[in-house]
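This is what each chain is made of:
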Amino acid sequence: MTFRKILLLAVVLLGIAAFFLFDLGRFLSLDYLKQSQANFEALYAAEPLKVSLVYFAVYVAATALSFPGATIITLAGGAIFGLWWGTLLVSFASSLGATLAFLVSRFVLRDSIEAKFGNRLAEINRGIEKDGAFYLFTLRLIPVVPFFVINLVMGLTKMKALTFYAVSQIGMLAGTLVYVNAGTQLAQIDSLKGILSPALLGSFVLLGLFPLIAKWIVGVVQKRKVYARWAGVKPARFDRNLIVIGAGAGGLVSAYIAAVVKAKVTLIEAHKMGGDCLNYGCVPSKALIKSAKLAHQMRHGQTYGLNSTPPTFSFKAVMQRIQDIVRAIEPHDSVERYTGLGVEVLQGYAKLVNPWTVEIALNDGSQQTLTARSIVIAAGARPFVPPLPGLEDSGYVTSDTLWEKFGELDEVPKRLVVLGGGPIGCELAQSFARLGSQVTQVEMAPRVMAREDEEVSELARQALMKDGVDVRTGHKALRVEKASVRPELVEGSARTGGVLVVEHAGTEQRIEFDELICAVGRSARLTGYGLEELGIPTDKTVQTNEYLQTLYPNIYAAGDVAGPYQFTHVAAHQAWYAAVNALFGDFKKFKADYRVIPWATFIDPEVARVGLNEQEAKEQGIAVEMTKYGIDDLDRAIADSEAHGFVKVLTVPGKDTILGVTIVGTHAGDLLAEYVLAMKHGLGLNKILGTIHTYPTLAEANKYAAGEWKRAHAPQKLLAWVGKFHNWRRG
């Protein structure tokens, strides 16, 4: 805390101390005011300007210092100055004093509060930015909420001081009039309860409800405006309660929820049920990772006291196993299963023709048109392909198309280029290197997995290089050139796949490849199903509000198409909000909750994270305390020859409140679940430390990390006295 803050805080505390020390509260009683009314009126008659200024200054000071007794001072304004002059003085004095209290709170407290509760405050500030003035106005109309509390709390937010002052000036005017008017009838008031009668408080509450009613009316008007161009086409009745476009994680969960609550729901999917995760992403990639890891373990059998054996295998068999696994899981997401659950599943291309109507070009060539009260867009995302010269003619594959193309190969690609250093690129690069490919990974950024802490990125790079991946960070892809002829190779292999030309440190480099995987990210599917025609705004994703509503309140979006995260588990999470709001939003809507979002990258060792990491905490200016436990010290990890990695926990300084966790190590994604649960339900490290963990398991790493935090916060002075006590007990 700076000297100026300390000085200001000292002045405020001295003012409060003087108030109680000199018993100034005795002057803020109804009896004192009634007894002194005649004297005050005489003074005012003698020197009206001077008395008005003194009264104004006292009111400002009392409000700024949050002294009790504002009601009495307001009554005094009416008793001394009359209704109109008293209202004018009180209105401006109270607003100015409230703003000073607001500024003091902001100057003295906000930085420290942001440091400790940055995430929660950020969420509040987003609400303040959108509707803060409206809610402040409502609170000012209802005197049930102490105004000094409002002043201090609002000072912790990012509301503009001018906005705070203006809204306070207008919002408190009605209450000021009531109290000043009561002051003009001071002789008839026996107690403050007479003013704060249930009837009066009820009137204030009704007054406070007025802006809420006004907001509802504004919402209705805005809604009518949005739908104005479609006024003539809205159906009188609907074929369905809900139509869901897309059968990935978001669409499947949305349809499932609708069916469970007995809504009539249609799910439309043009391609494969299960979406990207089942068919091209999570499932096949993890199957590939498992085969690659086993090949790696065979190659390093000596680590486990066995003979090291170069793995011999059919690449076709590896790829066939992946497809077999996809087929084994397919029934979970199949048309038959969802039909059995009560969902109508249509296979074809959907297009929105108005906010309630969807045209479906069915895969059998027929057409169908359906109407629904609500629609959920869950169209997912596709691999992003950069506009790289020559790329389209190179025969490249993406994380979607590689499974089919590579499934036709007899052998693993000899020379493989992986373009991209994010999670997908790293997982594929390591897996194919372990299966025998000569892998070159190209990343334009200075490090791979750039969203993670630098030490995590470095560990990932080392792990990739250890498996033979040529990791080239800081290399910008320029173009792809056609294949060159290699006469020295045997017939049938004389033509290479191509050459990737990259730039590094101002010079060009050429990387020859047989196959190129483009893994530079994914982009939401935003075209081809009517968003443009309806004018639904998009910006990399479909724009939605906190309830996942688009421009049209009856059309929702969930999953990768909505963002901000591209994870299967987040798509399923969002789907609950989209479906419930779509079906029951007229009665109650729920804001999508992104406070505790976990994710993992399944390289070896795995990288898993939830909440903040050190990099984000620094960028956001959030003070954190870091606790780290090395998994190289964990018994089970040592027994499994997996003794590498760490658990890193970020907490509120001096407290066990968890702000974020990063785990690097074997099964990190599984270990993270305990911290996700703890953060979701407000449990701290002390609770984890007090939980029995089975020995010997990897999960003990979480307990030992909590133990490291506890050890760092042990009461050393108390323990010194305890040591002396034990010495005394020994005689």
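Before reading on, note that the structure itself is shown above.
Scope of this entry: the structure provided in the associated data block. Please read all numbers here as calculations on a predicted model, not as lab measurements. (Residues numbered from 1 in each chain as written. Predicted model: local features only at pLDDT ≥ 70, side-chain atom pairs only at ≥ 80, totals over all residues. Heavy atoms only, no water.)

Some points on the side chain of E616
Right, so step 1: Relative to the helices and strands, E616 resides in helix α21 (residues 614-620).
Right, so step 2: Excluding anything up to four places from it in sequence, E616 contacts R609 and G611. (Helix = DSSP H or I, 4+ residues; strand = E, 2+ residues; numbered from the N terminus. Contact = heavy atoms within 4.5 Å.)

Some remarks on the sheet that holds strand β20 (residues 606-611)
Right, so step 1: On the basis of which strands lie adjacent, the open sheet formed by five strands has the order β19-β20-β23-β22-β21 and antiparallel pairing. In this open sheet, the two strands that pair with only one neighbour each are β19 (598-601) and β21 (625-630). Across the sheet, the mean angle separating the axes of adjacent strands is 10 degrees when strand polarity is ignored.
Right, so step 2: With six bridges connecting them, strand β22 (residues 646-651) and strand β23 (residues 658-665) associate as antiparallel partners. In the strand pairing of β23, V647 is matched with I663. (Pairing = 2+ DSSP bridges. Axes fitted to C-alpha atoms, helices over the stretch in contact; angles between N-to-C directions.)

Examining the sheet that holds strand β10 (residues 470-473)
Right, so step 1: Across the sheet, five strands lie side by side as β7-β14-β8-β9-β10; this open sheet has parallel pairing. With one partner strand each, in any of the chains shown, β7 (397-398) and β10 form the two edges of the open sheet.
Right, so step 2: Bridging between strand β8 (residues 415-419) and strand β14 (residues 515-518) involves four bridges; their strand directions are parallel. Of the residues in β14, the one forming a bridge with V418 is I517.

Notes on the pattern of salt bridges
Right, so step 1: Within the structure shown, the criterion is met by 29 salt bridges.
Right, so step 2: Here R415 makes a salt bridge to E512, at a shortest N to O gap of 2.9 Å. One end of the pair, R415, is in strand β8; the other, E512, is in strand β13 (residues 507-513), and 97 residues separate them in sequence.
Right, so step 3: Among the residues examined, R415 registers a relative accessible area of 15% and is labelled buried.
Right, so step 4: Here R711 makes a salt bridge to E708, at a shortest N to O gap of 2.9 Å. Taken together, the residues R711 and E708, both in helix α25 (residues 700-712) and three residues apart, mark about one turn of the helix.
Right, so step 5: On the basis of relative accessible area, R711 is assigned to the exposed category, the value being 54%.
Right, so step 6: Residue E708 is classed as partly exposed on the basis of its relative accessible area of 29%.
Right, so step 7: Through salt bridges with shared partners, a single network forms among D453, E455, E614, K628 and K648. (Salt bridge = Lys/Arg side-chain N within 4 Å of Asp/Glu carboxyl O. Buried < 20%, exposed > 50% of the residue type's maximum accessible area, 1.4 Å probe, protein only.)

Quick look at the pairing of β19
Right, so step 1: Only one face of β19 is covered, namely the one carrying W599 and T601; the face carrying P598 and A600 has none of its residues buried.
Right, so step 2: As paired elements, β19 and β20 share four bridges and run antiparallel to each other. In the sheet register, T601 faces β20, and the bridge partner there is V607.

Digging into the environment of Q430
Right, so step 1: If you trace the backbone, Q430 turns up in helix α17 (residues 423-434).
Right, so step 2: Each C-alpha atom, one on Q430 and one on D604, is 8.1 Å from the other, the two residues being 174 residues apart in sequence.
Right, so step 3: A polar side-chain atom of Q430 sits 3.0 Å from a polar atom in the side chain of D467. (Polar contact = N/O pair within 3.5 Å; in protein donor to acceptor, adjacent residues only side chain to side chain.)

A word on the packing of helix α11 (residues 249-260) against helix α20 (residues 568-584)
Right, so step 1: Close contact between α11 and α20 brings their axes to 7 Å; oriented N to C, the two are set at 40 degrees. Between α11 and α20 lies a crossing whose hand is right-handed. Only T568, A571, A572, A575, W576, A579, V580 and L583 of α20 make contact with α11, whose side of the interface consists of A249, G250, V253, S254, I257 and A258.
Right, so step 2: For the contact of α11 with α20, a count of residues per class yields 11 nonpolar, three polar and no charged. (Left-handed = near helix turned anticlockwise from the far one by under 90°. Nonpolar A, V, L, I, M, F, W, Y, C, P; charged D, E, K, R; others polar.)

Topic: α25
Helical geometry note: an α-helix holds 3.6 residues per turn, so side chains three or four residues apart project in the same direction.
Right, so step 1: Taking 1.5 Å per residue as the helical rise, α25 with its 13 residues ought to reach 18 Å, and the 18 Å between its terminal C-alpha atoms agrees with that figure.
Right, so step 2: Every buried residue belonging to α25 is among E700, A701, N702, A705, A706, G707 and W709, and all of these are buried.
Right, so step 3: In this structure, the buried residues of α25 make contact with β21, β22, β23, α23 (668-680) and α24 (685-689). (Expected span 1.5 Å × (residues − 1).)

Quick notes on the packing of helix α13 (residues 282-299) against helix α14 (residues 315-329)
Right, so step 1: Across the interface, α13 lies against α14 with an axial gap of 9 Å and an inter-helix angle of 135 degrees. As summarised for this structure, α13 and α14 are arranged oblique, according to the angle between their axes. Once α13 is placed against α14, the crossing between them reads as right-handed. Counted together, V283, P284, A287, L288, K290 and S291 of α13 and V318, R321, I322, I325, V326 and I329 of α14 form the full contact between these two elements.
Right, so step 2: When grouped by side-chain class, the residues that make up the contact of α13 with α14 number nine nonpolar, one polar and two charged. (Parallel < 35°, antiparallel > 145°, perpendicular 65-115°, else oblique.)

Remarks on unusual backbone geometry
Right, so step 1: Of the consecutive residues D604 and P605, the connecting peptide bond is found in the cis state with omega at 5 degrees.
Right, so step 2: Here P605 is to be found in the loop between β19 and β20.
Right, so step 3: In the segment running from Y695 into P696, the intervening peptide bond is cis, with an omega of -10 degrees.
Right, so step 4: Mapped onto the elements of the fold, P696 is located in the loop between α24 and α25.
Right, so step 5: Phi angles above zero are rare outside glycine, and K262 is one such case at about 65 degrees.
Right, so step 6: One can find K262 in the loop between α11 and β2 (265-269).
Right, so step 7: Accessibility expressed as a relative area gives 75% for K262, which makes it exposed.
Right, so step 8: Although it is not a glycine, H667 adopts a positive phi angle of roughly 55 degrees.
Right, so step 9: With respect to the helices and strands, the residue H667 is situated in the loop between β23 and α23.

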